[in-house]
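Take a look at the letters that make up each chain.
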Amino acid sequence: MTTNGGFTPVFCTVVPPHILDKLAQAEDPTLAGPARKTLERDAYQRTHRRLTTVLGAPAIATPAEAAAGKPHRTIYDAGHKTDLPGKKVRAEGDEPGKDATVNRAHAGLGATFELFLKAYERDSIDGNGLPLDATVHYDEDYGNAFWNGEQMVFGDGDGEIFLDFTIPIDVIGHELAHGVTQYTANLTYFGQPGALNESMSDVFGSLIKQYTLGQTAAEADWLIGAGLLAPRVTGKALRSMKEPGTAYDDDVLGKDPQPGTMDDFVRTGRDNGGVHINSGIPNHAFYLAATALGGHAWERAGQIWYDVLTGGELKEQALFTDFATLTVAAAKARFGDSGEELQAVVKAWEQVGVRTL
């Protein structure tokens, strides 16, 4: 049995397992301990997600008082425990409180809602005003943030490697975008379709940050998770869409393994077939298309990617070639056969070595 109108929700985290695996092997117990605990908690949540899906978790109902085209946000505090959702600490319409983490989570949910509504006329992540729930202060020293098919959850980090996960707004947008994918193409979370799933979240996470800051494609940093890494880490973010493989190079974390082209595609059975690694390829294609077009990336490149994600033709098992081919068709359909949009999209996929049919 599946939930949410026939879709099967999955458990998606922003920090990939290969980073946590590396940390868990550190000689320093202050680094290894939180990483091991985070891996264990993620494994538990992943199993729990599968079980509740099989048993039929209750669908999220839109409250009667929720107005169409307006966000309905609720923030909960787990109090460093693991019971979800936790204690309700801020509802829609409440004034900001003293907890900066709560305020950032509330603002990030709102920014995500606003981009999808204003840019793509989508009412919340399901298109029908779905309430946006988030839990902060999850567990102790928890080094991740995740979407569990129903809500967002943020850890506070360990303070040594990761800071508070509500700090980067693109992390909030990334995880909520997994919800958009869940309610639309429902891309299988393994191999190339799983990498596309991760890439869609990076794309829209980055666009949410750019939209909030009013940045053009040229002004954006194209980093995912900038501000998340603690000062001791030699790195600037979790991932770079502009230069995959350059986000960090640290004596504890290791080197960012993301490829930017198909020449360096990584074949692995870990991380659901490398979903957080090979996502660098479609990420880079989007960056190339968006910067070639210039202006605000959510207006043309983002519109094309959104059209494909929500258009109904993207299959759950889609490969990079399938997705790329659909972006070419979407560029033609929306902007015409002779526009610069089509040229930019075709060239972007060529540059990363992905064929279009």
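Residues numbered from 1 in each chain as written. Predicted model: local features only at pLDDT ≥ 70, side-chain atom pairs only at ≥ 80, totals over all residues. Heavy atoms only, no water.

Time to look at the packing of helix 9 (residues 320–335) against helix 10 (residues 340–351). Two numbers describe how helix 9 lies on helix 10: the axes approach to 8 Å, and their chain directions differ by 170°. The pairing of helix 9 with helix 10 is recorded here as roughly antiparallel in orientation. In this structure, helix 9 contributes Phe-323, Ala-324, Thr-327, Val-328, Ala-331, Lys-332 and Phe-335 to the contact, and helix 10 contributes Glu-341, Leu-342, Val-345, Val-346 and Trp-349. Counted by class, the contact of helix 9 with helix 10 contains 9 nonpolar, 1 polar and 2 charged residues. (Axes fitted to C-alpha atoms, helices over the stretch in contact; angles between N-to-C directions. Helix = DSSP H or I, 4+ residues; strand = E, 2+ residues; numbered from the N terminus. Parallel < 35°, antiparallel > 145°, perpendicular 65-115°, else oblique. Contact = heavy atoms within 4.5 Å. Nonpolar A, V, L, I, M, F, W, Y, C, P; charged D, E, K, R; others polar.)

With that out of the way, let us pick up the pattern of salt bridges. Taken as a whole and judged by the stated rule, the model has 12 salt bridges. Taking the shortest distance from any N to any O, the salt bridge between Arg-300 and Glu-341 comes out at 2.9 Å. Placement of the pair is Arg-300 in the loop between helix 7 (280–293) and helix 8 (301–310) and Glu-341 in helix 10, with a sequence separation of 41 residues. (Salt bridge = Lys/Arg side-chain N within 4 Å of Asp/Glu carboxyl O.)

Moving on: the environment of Gln-182. Residue placement: Gln-182 occurs in helix 4 (residues 169–183). Once the C-alpha coordinates of Gln-182 and Asp-123 are considered, the two residues, 59 residues apart in sequence, prove to be 15 Å apart.

Tracing the backbone shows Ala-348 in helix 10. The buried category is assigned to Ala-348, whose relative accessible area is 1%. Taking C-alpha positions, Ala-348 is 44 Å from Glu-95, a pair spaced 253 residues apart along the chain. Filtering out sequence-adjacent residues up to four positions away, Ala-348 remains in contact with Ala-285, Leu-288 and Ala-289. (Buried < 20%, exposed > 50% of the residue type's maximum accessible area, 1.4 Å probe, protein only.)

Within the protein chain, residue pLDDT values average 93, and 92% of them lie at 70 or more. Within the model, pLDDT remains below 50 along residues 1–6, and this stretch shows 16 contacts once partners closer than five positions in the same chain are excluded. Below pLDDT 50 for its whole length, residues 52–59 participates in 14 contacts with residues either more than four positions away or in separate chains. (pLDDT = per-residue confidence, 0-100.)

Another aspect to go through is the pairing of strand 2 (residues 73–77). Counted residue by residue, strand 2 has 4 buried out of 5 residues, so it is predominantly covered. Pairing of strand 2 with strand 4 (residues 132–136) involves 5 bridges; the strand directions are parallel. If you follow Thr-74 over to strand 4, its bridge partner there is Asp-133. (Pairing = 2+ DSSP bridges.)

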